[in-house]
Amino acid sequence: MKLIHRSRWAALIGAGALVVATATASVGAVPPPPLNGSTFEGGDGNLTVDTAGNTDWANVAGLHTGIDQPSGSGDNAFGQGTKEDSSAVTVVDGSIPPNKNDLTRFYEASETASNNHTYLYLAWERLVNIGNANLDFEINQKATTGFTGTTTGPLTLNRTAGDLLVSYDFGGSGTPTLGINTWLTAAAGNTVGQCYSANALPCWGNHLVLNGTVSQGAVNTVQVTDPIANQNLGVGLFGEAAIDLTAAGVIPPGTCEAFGSAFVKSRSSSSFTAEIKDFIAPIAVNISNCGSITIKKVTQNAPAGDKTSFAYTTSPNLKATGNAFSLQSGGVQAFASLPSATYTVSEGTQSAPWNFVDVVCDPNTHVTTTGQMVSIALANTENVVCTYTNHYTNSPTIATTLSATTITAGSSAHDSATLSGASANAGGTVTYSVFSDNACSVKVSDAGTVTVTAGSVPNSNDVTFNTAGTYFWQAAYSGDANNNGATSPCTSEQLVVKTKPTIATTLSATSITVGGSVHDSAALTGATSTAGGSVTYTVYTDNKCSAGARDAGTVTVTNGIVPNSNDLAFNTAGDYFWQAVYTGDAFNNGATSTCTDEHLVVNKAQPGESTAQNLIPNDSFTLTGGFNPTGTITFNLYAPSDATCSAAPALSQTVSVNNGNNTYTTTNSTFLATSVGTWRWMSTYSGDANNQAATSACGTENFTINNG
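Please read all numbers here as calculations on a predicted model, not as lab measurements.

Definitions and limits used
- Starting from 1, residues in each chain are numbered consecutively following that chain's sequence as written.
- Local features in this predicted model are restricted to residues of pLDDT 70 or higher, and side-chain atom pairs are both shown and tallied only at a pLDDT of 80 or more, whereas totals for entire chains, interfaces and linings draw on every residue.
- Side-chain measures were taken over the full set of non-hydrogen atoms in the model, leaving aside hydrogen atoms and water.
- Secondary structure elements are defined from DSSP: runs of H or I of at least 4 residues count as helices, runs of E of at least 2 residues count as strands, and each element is numbered from the N terminus.
- In this description the radius of gyration comes from C-alpha coordinates, and the expected globular size is given by 2.2 Å times residues to the power 0.38.
- When a residue's accessible area, from a 1.4 Å probe over protein chains only, is under 20% of the maximum for its type it is buried; when over 50% it is exposed; and in between it is partly exposed.
- In what follows, a contact means two residues having at least one pair of non-hydrogen atoms within 4.5 Å.
- Residue exposure ignores everything except the shown protein chains as possible cover, and the areas themselves are Shrake-Rupley values with a 1.4 Å probe.
- Joining through side-chain atoms within 4.5 Å is the link that ties buried Ala, Val, Leu, Ile, Met, Phe, Trp, Tyr and Cys residues into a set, and such a set is a nonpolar core.
- Between the rings of Phe, Tyr and Trp (Trp by its six-membered ring), a pair exists once the centres lie within 6.5 Å; its type follows the angle of the planes, with under 30 degrees stacked, over 60 edge-to-face, and the other angles tilted.
- As a reminder, the over-ring test applies to NZ of lysine and CZ of arginine, requiring each to be within 6 Å of the ring centre and within 35 degrees of the ring normal.
- Here, a disulfide means two cysteine sulfur atoms that sit within 2.5 Å of each other.
- Cavity and pocket criteria rest on a 1 Å grid covering protein atoms alone: a 1.4 Å probe that fits but cannot get out defines a cavity, protein on both sides within 12 Å along at least 5 of 7 lines defines an open pocket, and an atom within 4 Å of a point defines a lining residue.
- Grid points are joined across faces, edges and corners, and a volume is the space filled by probe spheres set on the points.
- In this classification, the charged set is Asp, Glu, Lys and Arg, the nonpolar set is Ala, Val, Leu, Ile, Met, Phe, Trp, Tyr, Cys and Pro, and all remaining amino acids, among them Gly, are polar.
- Scored from 0 to 100, pLDDT records how confident the predictor is in each individual residue.
- Each salt bridge in this description consists of a side-chain nitrogen of Lys or Arg and a carboxyl oxygen of Asp or Glu lying within 4 Å of one another.
- Two strands qualify as a pair provided DSSP detects at least 2 bridges between them.
- Here an axis means a line fitted to C-alpha atoms, over the contact stretch when the element is a helix, while the angle between two N-to-C directions is reported on a 0 to 180 degree scale.
- N or O atoms within 3.5 Å of each other form a polar contact, as long as, within protein, one can give a hydrogen and the other can take it, and as long as residues adjacent in sequence are counted only when both atoms are side-chain atoms.

This part covers the overall build of the protein. Assigned secondary structure in the protein consists of one helix and 53 strands. For 708 residues, the compact-globule estimate of 2.2 N^0.38 gives 27 Å, and the protein exceeds it by more than 25% at 68 Å. Each principal axis of the C-alpha distribution contributes one length, and for the protein these read about 215 × 55 × 45 Å. A buried classification covers 45% of the 708 residues belonging to the protein. Long-range pairs, those at least 24 residues apart, make up 67% of the contacts in the protein between residues at least 6 apart in sequence. As displayed, the protein has an accessible area near 31400 Å², and 50% of this comes from carbon and sulfur atoms.

With that out of the way, let us pick up the nonpolar core. Counting residues in hydrophobic clusters, the biggest one holds 32 residues, and the most contacted among them are F137, Y168, I180, L210 and L245. Contributions of two or more residues to this core are made by β4 (103-112), β5 (118-126), β6 (133-140), β8 (164-170), β9 (177-184), β15 (238-244), β16 (258-267) and β17 (276-288).

This part is about the packing of aromatic side chains. In total, this model carries 23 aromatic pairs according to the counting rule given. On the basis of an interplanar angle of 55° and a centroid distance of 6.3 Å, the ring pair of F570 and W578 is categorised as tilted. In textbook terms, an aromatic cluster arises when at least three aromatic residues are bridged by ring pairs, as seen for Y312, F325, F335, F356 and Y388. The ring of W183 carries R159 above its face, with NZ or CZ at 4.8 Å from the centroid. Cation over ring: K297 sits above F310, and NZ or CZ is 4.3 Å from the ring centre.

Moving on to the state of the cysteines. Note: disulfide means a covalent bond formed between the sulfur atoms of two cysteine side chains. Per the stated rule, a full pass over the model turns up six disulfides. What pairs with C361 in a disulfide is C386, and their sulfur atoms sit 2.0 Å apart. Because the sign of the S-S torsion sets the handedness, a value of about 110° for the bond joining C361 and C386 places this disulfide among the right-handed ones. Of this pair, C361 sits in strand β23 (residues 354-362) while C386 sits in strand β26 (residues 383-392), and the two are 25 residues apart along the sequence. Of the two residues, C361 and C386, both sit in the buried class.

Before going further, it helps to examine the layout of surface pockets. Estimates place the volume of the largest pocket at around 200 Å³. Every residue lining the largest pocket is counted, 13 residues in all, and those nearest its centre are N286, S288, C290, T381 and N383. Contributions of two or more residues to the lining of the largest pocket are made by β4, β17, β18 (291-300) and β21 (332-338). Of all the elements, β4 adds the most residues to the lining of the largest pocket, at three residues. Partitioning the lining of the largest pocket into residue classes produces three nonpolar, nine polar and one charged.

Here the focus is the confidence of the model for the protein. For the protein, per-residue confidence averages 90 on the pLDDT scale, and residues scoring 70 or more make up 93% of the total. Mean pLDDT values over the elements of the protein span from 38, in helix α1 (residues 6-14), up to 98, in strand β31 (residues 429-435). Residue range residues 1-28 is modelled with pLDDT below 50. Its contacts to residues more than four positions away, or to other chains, number 85 contacts.

This part takes up the pattern of salt bridges. Across all of its chains, the model carries eight salt bridges by this definition. E84 serves as the salt-bridge partner of R267, at 3.8 Å between the closest nitrogen and oxygen. In this pair, R267 sits in strand β16 while E84 sits in the loop between β2 (76-78) and β3 (88-93), placing the two residues 183 residues apart along the sequence. Judged on exposure class, the residue R267 and its partner E84 are both buried.

Another point: the sheet that holds β4. Here five strands make up an open sheet; going across it, the order is β1-β4-β5-β15-β12 and the pairing antiparallel. Strand pairing shows two members of the sheet lacking a second neighbour, β1 (64-67) and β12 (215-219), which therefore form its edges. Pairs of neighbouring strands in the sheet enclose a mean axial angle of 10°, with direction left out of account. Sheet topology places β4 next to β5; nine bridges connect them, and they run antiparallel. Within β5, the position partnered with T112 by the bridge is T118.

Here we take up unusual backbone geometry. Of the consecutive residues L201 and P202, the connecting peptide bond is found in the cis state with omega at -5°. The omega torsion across D362 and P363 is -5°, close enough to zero to call that bond cis. With respect to the secondary-structure elements, P363 resides in the loop between β23 and β24 (367-370). A positive phi angle, near 65°, is found at N301, a position not held by glycine. Tracing the backbone through its elements, the reader meets N301 in the loop between β18 and β19 (310-315). Owing to a relative accessible area of 23%, N301 belongs among the partly exposed residues under this scheme. Positive phi, close to 55°, is recorded for S337, a residue that is not glycine.

Let us now look at the environment of E125. In this fold, E125 is placed in strand β5. Spatially, the C-alpha atom of E125 lies 191 Å from that of C698, the residues being 573 residues apart in sequence. When neighbours within four sequence positions are excluded, E125 is seen to be in contact with L47, L103, T104, R105, Y107, D226, Q231, L233, L237 and F238. Engagement of the side chain of E125 in a polar contact is seen with the side chain of Q231, the distance being 3.2 Å.

Turning our attention to the sheet that holds strand β20 (residues 324-327). Here five strands make up an open sheet; going across it, the order is β20-β19-β22-β25-β24 and the pairing antiparallel. Both edges of this open sheet fall to β20 and β24, since each of them pairs with a single strand only. Each neighbouring strand pair of the sheet contributes to a mean axis angle of 20°, computed without reference to strand direction. Strand direction decides the pairing type here: β19 and strand β22 (residues 341-347), joined by four bridges, are antiparallel. Bridge pairing in β22 places Y312 opposite E347.

A word on the environment of I283. Locating I283 in the fold gives a position in strand β17. The spacing of I283 and C490 is 207 residues in sequence and 74 Å in space, taken between C-alpha atoms. If we ignore the near neighbours within four places in the chain, the residues touching I283 are H64, T65, G66, F106, G260, S261 and A262.

Turning to the pairing of β24, a few remarks are in order. As judged from the four bridges shared by β24 and strand β25 (residues 373-378), these two strands associate in the antiparallel manner. Residue T368 lies in a different strand from β25, and its bridge partner there is S375. In textbook terms, the turn of a hairpin is the stretch between consecutive antiparallel strands, and for β24 and β25 this stretch comprises two residues, one of which, G371, has a positive phi near 60°.

A few words on the environment of E347. Counting through the fold element by element, E347 comes out in strand β22. The exposure class of E347 is buried, given its relative accessible area of 6%. For the pair E347 and V374, spaced 27 residues apart in sequence, the C-alpha separation works out to 9.0 Å. The contact partners of E347, leaving out residues within four places of it in the chain, are K297, F310, A311, Y312, F356, Q372, Y388 and N390.

Okay, structure coming up:
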């Protein structure tokens, strides 16, 4: 930021020459004190310190040195009548003999002191002392490309409005006369007489003669030693000056000026329009009361190739395009040529995964930090560098894998974990835990805490489970400086622990006679009290339970209780083997009874040896003495229990009389007489129109069955 104050000064002196008393400094037994606010001995005419605590060319900070080409054919100078106002010049070389204008070297230094005044220190040396010396130090803001100690030919000096020309006129005795002109490129408000010697812009503006309050200078009146060049200088071969640029109005308080190039040239006389002679080519200098603010961006733990931009604002605006700028990691934003003032720089608020670490300013004497904002009370020439540091924190996830998802009670399991999205050097710890609920709030076992190394997570401890049930594992990563913590989902790791029950069986009978029935009973041992599932009963014809399978029913297990099988009838004698198979359930493994534990023998039937007789009874009736008899004959057989033939007959059959007097017989073929005792017949003829009825007596005909 360059505040154009020289135009105001040029306007002031453009109305006429502003002449003040000539700078006075004498070289005597007691050297003059430095200018007010400075410690530099610029008026003692030597290069070494006379008063302890002061500075001189022997120890001045920021010394810049220009050295001329040796006199002779290798030396160069301005030619063709070059004048001070000429920007287009010609540099010539050749046999340039030593004379009073033959310069050999010059020195430049500057400082801005604690009183915020900017001081310029200049010195020259020449080859011979032949009377007066007239020199000009041209102080430019910018360097002239191609202008070096060996340059010859046409050259255009790179002059910028506000460049300085410090004149040093020495009449051969006494103190030098010092003055300053400023380069003008545009009218400064009053165009009358604003150029010191030329008639048109651009030109060197009116001349300011410096007084002893703002400047001091001296030419050596005795031999002095130059410790820089390591040589002795005779009388009149060395001259120096010190100028308070602030007090002289060149750099007023609260303004900022910066010059980066300087060279010295000699004139043939004290006249400003005299021809320019020898010169010493420009050297880089740093004459400035300006400060600077540099903002640097540093990030920690950023992923490779990260291009995140961080936003900043300033107050007042430090950029021509506004108050905002942005930086990526490693970026630098420099604000140079700043006048003394208070400036603030603020970094925008970060969001995950970025976190603000700190901002450190060097120097921090005039810096106040509030969060991500720094307030800088910038002093003259102060260069403040503030480094903003932000940290990238990964947000990894943790995935887990159980060594088994189902185990038997009494067995062990362990967990494994893997981090994703963590930094390659991730550290910290992972804690494994086992819970009994799917919210991971009821902890039943600690599975160990392991140390994460370079992102690798060791396995958990082995945990033994003696009780059936469902368990939920969880891995919790602690995080570290570069990684946030992470916890695996509770329900992502479910371990089912089952019992290993046995099933015992009992047959209702182990031996039966063919035709009999049997059922099986079963009981679970080692199952949970809430065991469910089912049991299937099967009967086999071999002791490996593989042949002749016969289903005996499937029953439902309730709270560990197993109902009986179906009853099975066995109609074939032989050996049979029963087996019960338990399906298991969520918390109980299946189980099968041993085939040979249930052996059923089905025996053959054993018949008895008793006998009994029976017969099929029939009877006959002979009809005689009738007259062409017809009608029927009824035969009745009475059981041994009816001795009077008065009850209902056990067998009754009626036969038609169709053949006159004859013998008629029953035709029984189905009725068996089996009861022991005397069976009695009684037969009756019905009679007809010509014949009377006739009946035999009860038991006249009988038979006896005796099974004794």
